[in-house]
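Residue-level structural notes
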Amino acid sequence: MTQVSMTVNGKSVSGEVEGRTLLVNFLRDHLSLTGTHVGCDTGQCGACMVHVDGDAVKSCNMLALEADGTEVATIEGQANADGSLNTIQQAFQDHHGLQCGFCTPGMVMTAAALLKDNPKPTEAEIRHYLEGNICRCTGYHNIVKAIMAASGQDVNAIAAE
Amino acid sequence: MYNFEFERPTTIADAVAALGGDEAQALGGGQTLIPTLKQRLAMPGKLVSLSGIPEMKGVCVNDDGAVSIGGGTPHAVVARDAAQHYPGLAALAGQIGDPAVRNRGTIGGSLANNDPSACYPAAALGSGATIVTNTREIAADDYFQGMFTTALEEGEIITEVRFPVPEAANYQKFVQPASRFALVGVFVAKYADGVRVAVTGASEEGVFRWSAAEEALSGNFTADAIKDLTVEAGGMIGDLHGSKEYRAHLVGVMTRRAVAAAA
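Just so it is clear, the model here is predicted, and its values are computed rather than measured. (Residues numbered from 1 in each chain as written. Chains lettered and ligands numbered in written order. Predicted model: local features only at pLDDT ≥ 70, side-chain atom pairs only at ≥ 80, totals over all residues. Heavy atoms only, no water.)

A few words on the side chain of serine 49 of chain B. On the secondary structure map, serine 49 of chain B appears in strand 3 (residues 46-49). Here serine 49 of chain B falls in the buried class, since its relative accessible area comes to 0%. Separated by 2.9 Å, the side chains of serine 49 of chain B and serine 51 of chain B make a polar contact. Residues in contact with serine 49 of chain B, not counting those within four places in the same chain, are Glu66 of chain A together with Phe6, Glu7, Arg8, Pro9 and Leu27 of chain B. (Helix = DSSP H or I, 4+ residues; strand = E, 2+ residues; numbered from the N terminus. Buried < 20%, exposed > 50% of the residue type's maximum accessible area, 1.4 Å probe, protein only. Polar contact = N/O pair within 3.5 Å; in protein donor to acceptor, adjacent residues only side chain to side chain. Contact = heavy atoms within 4.5 Å.)

A few words on the interface of chain A and chain B. With 23 residues of chain A at the contact, the number on the chain B side is 28 residues. Summing both sides of the interface, chain A and chain B together bury roughly 2000 Å²; the carbon and sulfur share of this comes to 51%. Together, Arg20, Asn61 and Glu66 of chain A form the three largest contributors to the area buried by chain A at its contact with chain B, with a combined 34%. Applying the counting criterion to the chain A and chain B interface returns five salt bridges. Within the residue set of the side of chain A that touches chain B, elements represented by two or more residues are strand 4 (55-58) and helix 4 (123-129) of chain A. Here the element with the most residues in the side of chain A that touches chain B is strand 4 of chain A; it accounts for four residues. For the side of chain A that touches chain B, the class distribution of residues is nine nonpolar, six polar and eight charged. (Buried area = accessible area lost by both parts, 1.4 Å probe. Salt bridge = Lys/Arg side-chain N within 4 Å of Asp/Glu carboxyl O. Nonpolar A, V, L, I, M, F, W, Y, C, P; charged D, E, K, R; others polar.)

With that settled, the discussion passes to the pairing of strand 4 of chain A. Residue and element names in this part refer to chain A. Examined bridge by bridge, strand 3 (residues 49-52) and strand 4 share four bridges and lie antiparallel to one another. Within the sheet, the bridge partner assigned to valine 52 lies in strand 4 and is aspartate 55. Adjacent in sequence and paired antiparallel, strand 3 and strand 4 are bridged by two residues, among which aspartate 53 carries a positive phi angle near 50 degrees. (Pairing = 2+ DSSP bridges.)

What follows is about the packing of aromatic side chains. Residue and element names in this part refer to chain B. Within the structure shown, the criterion is met by five aromatic pairs over all chains. Look at tyrosine 86 and phenylalanine 163: their rings are 6.2 Å apart centre to centre, the planes differ by 75 degrees, and that puts the pair in the edge-to-face class. Here the residue tyrosine 86 occupies a position in the loop between helix 3 (75-81) and helix 4 (87-93), and phenylalanine 163 occupies one in strand 8 (residues 158-163), the gap between them amounting to 77 residues. Like phenylalanine 163, tyrosine 86 is buried. (Phe/Tyr/Trp six-rings, centres within 6.5 Å; stacked < 30°, edge-to-face > 60°.)

Right, dumping it as structure tokens:
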């Protein structure tokens, strides 16, 4: 076992992990931050998306020890300080950007990474950026709408498919 | 996945030393290796992470104009930082996998793995790049030795990749939509001394140069110059995503598109 330390949602945390412990297991099993989901566990679905030093990464495809010394952000840290939903989360609710909700934490984290780099993305840019996140309920349409709305853009511009 | 020891050295010298032991395996960004370990297809005794080595990261331009990329540089950084120096290469890096894969996966990891459908081998071979390791420099033409096979020795690390910058270049990728690997990808680069065409995703031998197209394009850099050229379907990959014949056909189509986009 090896000691690992990182900052998660602004809090310093540490724990003892094996070499093979994945970042997602450290978050879920050691820190009880179960908002980060394990979907496919093969690095394809994006339900486990978190930010490591500001970059979106799939936490099922990164070892916990690789995150030593980094700043990690998860879905639990996304709400506003008063506990209300942040702009992206609220937009997902307003535009019905989820049905079962399993992929939603990953979708929100990916959307946050996109809007940080590209505050006014086009519909095509949003769809391109979501290539690593799979949703089996919505057909993506309302997710794209929600991200458009969260970026302060007109969602009516998105044609129904 | 089986358990392993884990080391994260901060210099190339320490990484080489750590890889000297039995059953040690280098870890780049882990976007292929970690899924492989999960399936228990590999059982290294020790993983040596190359992600904490500052001297292996970043993009710079050498005195001779070539673009140098540290072996541990993630695709997203190449897509951003190489854009003004070698736009064709940066555009290729920006098409690999998805955003999260591009934030972790590295050029050294991709080239060391030499997946027959990966994008970077096409850029390296199509640019006549030099693969720099901790011990030597390897020309791309000597480096790729068939599917998942390279000239790298046990414990050898890709520290840098040097790309001579062409007059024009373009990468056309026919995406396999589930994996986001190339079903067929073609990188075309026009240099003063001739055109290079490298094809990934198509051949059972891994990335290859399409020399008939190179010859035709070196005389006349237009899509028309290769409109009658075809590659043999024998030796192409045939699977549920596309037959040998389909891939052979795509090689021609994607090459013509790349030339049209670059010219």
